[in-house]
Amino acid sequence: MSLPRLSADTWAQRTARGLPDTVRGPAVDPRALTVGQVHLGIGAFHRAHQAVCTEDAAAATGRTDWGILGVTQRSPRVVDQLRPQDGLYGVLTAGAQASTLRVVGSVRDVAFPGRDTARVLDTIAAPTTHVVTLTVTEKGYRRAADGGIDAAAPDVAADLAAAAVELTRDDETPSRTAIGLLLRGLVRRHRTSGAPLTVVCCDNLTDNGAVLAGLVAQGLAAVHGAQDVAAWVAASVRFPSTMVDRIVPATTDAHRAEAAGLLGLHDEALVVGEPFLQWVVEDDFAGPRPAWERAGATFTHDVAPYERAKLRVLNATHSTLAYLGALRGYATIAEAVADPHLATLVRALVDEDVMPTLVAPDGTDLAAYRDEVLHRFANPRTGHTTVQVAMDGSQKLPVRLLGTVADRLAAGAVPHAAAHAVAGWVAYVRAAAAGELVVAGRTVALDDPLAPRLAEAAAGPDPVGGLLALREVFPEAVAASTPFRDAVTSALRDLTPLPTTP
Ligand code: CS2
């Protein structure tokens, strides 16, 4: 029998029948909420992380002005999932033993710029909006090989042209990139209310706030006549750095069936998360913000040690397990970390290569942090796939692994475990690009914004040299190191036989 779909009405009927202990509803009345936060990139991660914290903060303080307008740049699918549900969706928390379900109501509206650019720009500009958060993934920032904004890319250039029009009048051309949408929203805000704003980057980038501030400044510098906007941004817009952490796998039919069993309703917008959730936020806001500290977030003046530890311990071992695990045929991260050979390797990566590059964040025991991370990976109920974590390696490797490599080389050490991890990526790229990577019975394609160039570089007789030559991925100091190149080549030889040179 098909279940009714989750919506404000069906949820009210459901609660009237009484809820089991494993199910809870929104912490605030969604109908009472007005929008105070715009989120760019409303994928599963935002819904399982910041949207939950914003709702808890509103509930803890009795505020009704922290509803969220969620924006999806990629496709209208999320709009079609959430709108018919009045913005309500479930977060299935997959504990090692049992799951719980929480219905979240903080997302008050969803927009797809292909259809709703005007509304998004108006909402970014509205003086009642105080915070813009972003989770647009590493590749969403559109950085070129030099780390600056890729203003020459046609879609970025189109958004910059629209930002130029926006200087004098409303421009409703559908935005093509998230970064372009943000720039246009800032221009409209400057031209209309001029109210201060805080833009909070929640992606896995080193110094994410400073990086985003730099991209915005460069974008505005490329817009003829935008000097006043740039000066206003420098004076009135803040870009705090943050470290965000929660493992959020892609939602599967099994998750949907489990949630339907708990909820008694069908939820097209369901997301899944592990029990763990952490958010460390730089205390640098231009105006009001949700009281996220009441929802478990840590506010600090220096996010860098937290961010670096998370990227270099959690994300680095995650990616390593993804590449090497997929090559060994493991479908999930939990299976990969259960392999003694891979578990030993990622421990060595942390202990020998990463630890010497870290300063422990306040009150953090890094060895305990490492153990906790590996324990989280081992939760079989998360169902996070190796192939999901493996995607976009060209964007992830520099932040997760190559900073460690560069630091160790600068200290005169050869990071052998990190070289092994990089070799795993090389082997993965080569096998996936050649159509030879089969995981759990399915052939896996290379999913990466640089896929054609990676495939070409990896196909030749010297895949390590070919890939190391890509400056978008490997910094000069890493690529130029002969001991590192030799270590990667040797690790790759142990992984798979190299093609023989004629
Ligand atoms: C993962 C991250 O997909 C990936 O690349 O490493 O999304 C990871 O699950 C999160 O950063 C955990 O906070």
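Residues numbered from 1 in each chain as written. Predicted model: local features only at pLDDT ≥ 70, side-chain atom pairs only at ≥ 80, totals over all residues.

A.B. asks: A description of the pairing of strand S5 (residues 99–104) should follow, citing residues and the corresponding values.
C.D. replies: With two bridges connecting them, strand S1 (residues 23–24) and S5 associate as parallel partners. Of the residues in S5, the one forming a bridge with Arg24 is Arg102. Counting the residues that bridge the hairpin from strand S4 (residues 89–94) to S5 gives four residues. (Pairing = 2+ DSSP bridges. Helix = DSSP H or I, 4+ residues; strand = E, 2+ residues; numbered from the N terminus.)

A.B. asks: If you had to explain the site of the ligand to someone new, which residues and values would you point to?
C.D. replies: If you check the shell around the ligand, you find Asn204, Asp245, Arg246, Ile247, Asn315, His318, Gln388, Val389 and Lys396 and nothing else. In terms of residue class, the shell around the ligand is made up of two nonpolar, four polar and three charged. (Near = placed C-beta within 6 Å. Nonpolar A, V, L, I, M, F, W, Y, C, P; charged D, E, K, R; others polar.)

A.B. asks: Any details on the environment of Asp228? Residues and values, ideally.
C.D. replies: Inspection of the secondary structure puts Asp228 in helix H9 (residues 227–236). Among the residues examined, Asp228 registers 13 C-beta atoms within 10 Å and is labelled partly exposed. (Buried ≥ 20, exposed ≤ 12 C-beta atoms within 10 Å, placed from the backbone.)

A.B. asks: Could you give an account of the sheet that holds strand S2 (residues 35–40), naming the residues involved and the relevant values?
C.D. replies: The strand order across the open sheet built from six strands is S6-S3-S2-S7-S8-S9, with neighbouring strands paired in parallel fashion. With partners counted over all chains shown, the strands left at the sheet margins are strand S6 (107–111) and strand S9 (237–238), one partner each. Here helix H5 (residues 113–125) sits on the sheet in contact with S2, strand S3 (67–71), S6 and strand S7 (131–134), set at roughly 130 degrees to S6. (Contact = placed C-beta atoms within 7 Å. Axes fitted to C-alpha atoms, helices over the stretch in contact; angles between N-to-C directions.)

A.B. asks: Hey, could you go over the pairing of S3 for me, with residue numbers and the actual values?
C.D. replies: Consecutive residues of a regular strand have side chains that alternate between opposite faces of the sheet. Among the five residues that make up S3, five are buried, leaving the element largely enclosed by the rest of the structure. Residues of S3 alternate between two faces, with Gly67, Leu69 and Val71 on one and Ile68 and Gly70 on the opposite face, all of them buried. Two strands pair when backbone bridges link them, and S3 and S6 are joined in this way by four bridges, in the parallel orientation. Bridge pairing links Leu69 to Asp109 in S6.

A.B. asks: Tell me about the UniProt feature "domain: Mannitol dehydrogenase C-terminal" (unreviewed entry) in the protein chain, and name the residues and values.
C.D. replies: Within this numbering scheme, the UniProt entry marks residues 302–494 as carrying the feature "domain: Mannitol dehydrogenase C-terminal" (unreviewed entry). For the annotated span residues 302–494, helix accounts for 67% and strand for 2% of the residues, and the straight-line distance between the end C-alpha atoms is 41 Å. (UniProt positions renumbered as here; feature names shortened; annotations may be inferred.)

A.B. asks: Describe the packing of helix H6 (residues 154–166) against helix H7 (residues 178–191), listing the residues and the values that go with them.
C.D. replies: One way to put it is that H6 packs onto H7 with a least axis distance of 9 Å and a crossing angle of 5 degrees. As judged from the angle between their axes, H6 and H7 are roughly parallel. Of the residues in H7, those in contact with Val156, Asp159, Leu160, Ala162, Ala163 and Glu166 of H6 are Gly180, Leu183, Arg184, Val187 and Arg188. A per-class count over the contact of H6 with H7 returns six nonpolar, one polar and four charged. (Parallel < 35°, antiparallel > 145°, perpendicular 65-115°, else oblique.)

A.B. asks: Please set out helix H3 (residues 50–61) residue by residue, giving values where relevant.
C.D. replies: With twelve residues, H3 ought to run about 16 Å at 1.5 Å a step, and its terminal C-alpha atoms sit 16 Å apart, in line with that. Here H3 has its buried residues at Gln50, Ala51, Val52, Cys53, Thr54, Glu55, Asp56, Ala57 and Ala58. Positive backbone phi, approximately 70 degrees, marks Gly62, located one or two places after H3. (Expected span 1.5 Å × (residues − 1).)

A.B. asks: Could you give me a rundown of the UniProt feature "domain: Mannitol dehydrogenase N-terminal" (unreviewed entry) in the protein chain, with the residues and numbers involved?
C.D. replies: Following the UniProt record, one finds the feature "domain: Mannitol dehydrogenase N-terminal" (unreviewed entry) at residues 38–293. Overall, residues 38–293 shows 38% helix and 19% strand. The separation of its end C-alpha atoms is 19 Å.

A.B. asks: Hey, could you go over H5 for me, with residue numbers and the actual values?
C.D. replies: In this model H5 runs just 15 Å from its N-terminal to its C-terminal C-alpha over 13 residues, more than 12% under the 18 Å that 1.5 Å per residue would give. The largest bend along H5 reaches roughly 40 degrees and is located at Arg119. Structurally, H5 contributes buried residues whose contacts are with S2, S3, S6, S7 and H7. (Bend = angle between axes of the 7 residues up to and from the residue.)

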